[in-house]
Amino acid sequence: MSASTESRNSKWAKAPDFSGQPARVEAITAQTVADKANYLDSGLHQVECRACGTCVLVRKNSMKHTSVQWMSDPAESCPTFQKGVSEGRSTSEQDGCPRLQDSINHAVMEGFIEVRDPEST
């Protein structure tokens, strides 16, 4: 191994090491917490499927973009996913449940869910 390759391999990391810069580490940690709250937690609303009663958490970033977080295993709580699994498809291979999507659309139309950027596609 050449000296430059050995040097490069010993310093490689997925992210820069800011251990000598405590203020920067603190700022990065604070931003990570804020990003987690923004992308994973904020703006989520409970929606209950009007067909089967399954509850999910939903955020609408635009009219075309819907984030859904299941509060239970869809293969156990949603008849559409149960059927797909019984046919040999995992839940990740299924497009979703049209009845749940209808319930989400209804919640948007009724004003229970805010669309963050209704003009965005």
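Quantities reported herein were computed from a predicted structural model and do not represent experimental measurements.

Counting 13 residues, the largest nonpolar core has Val47, Val56, Val58, Cys97, Leu100, Ile104 and Ile113 as its most contacted members. Listed by contribution, the elements that provide at least two residues to this core are strand E2 (55-60) and helix H5 (98-109). In terms of residue count, the dominant contributor to this core is H5 (4 residues). Beyond its immediate chain neighbours, meaning those up to four positions away, cysteine 97 contacts Cys78, Thr80 and Phe81.

Our focus in this paragraph is the confidence of the model for the protein chain. When pLDDT is averaged along the protein chain, the result is 87, and 88% of the positions lie at 70 or above. Across the protein chain, the secondary-structure element scoring lowest on mean pLDDT is helix H1 (residues 3-11), at 55, and the one scoring highest is H5, at 97.

The subject of this paragraph is the packing of aromatic side chains. This structure, assessed with the given rule, holds 1 aromatic pair. With a centroid separation of 5.3 Å and an interplanar angle of 85 degrees, the aromatic rings of tryptophan 70 and phenylalanine 81 are classed as edge-to-face. Taken as a pair, tryptophan 70 in strand E3 (residues 66-70) and phenylalanine 81 in helix H4 (residues 79-86) lie far apart in primary sequence, 11 residues in all. Among the residues examined, tryptophan 70 registers a relative accessible area of 28% and is labelled partly exposed.

Cut-offs and rules
- Residues numbered from 1 in each chain as written.
- Predicted model: local features only at pLDDT ≥ 70, side-chain atom pairs only at ≥ 80, totals over all residues.
- Heavy atoms only, no water.
- Core = buried A, V, L, I, M, F, W, Y, C linked by side-chain atoms within 4.5 Å.
- Buried < 20%, exposed > 50% of the residue type's maximum accessible area, 1.4 Å probe, protein only.
- Helix = DSSP H or I, 4+ residues; strand = E, 2+ residues; numbered from the N terminus.
- Contact = heavy atoms within 4.5 Å.
- pLDDT = per-residue confidence, 0-100.
- Phe/Tyr/Trp six-rings, centres within 6.5 Å; stacked < 30°, edge-to-face > 60°.

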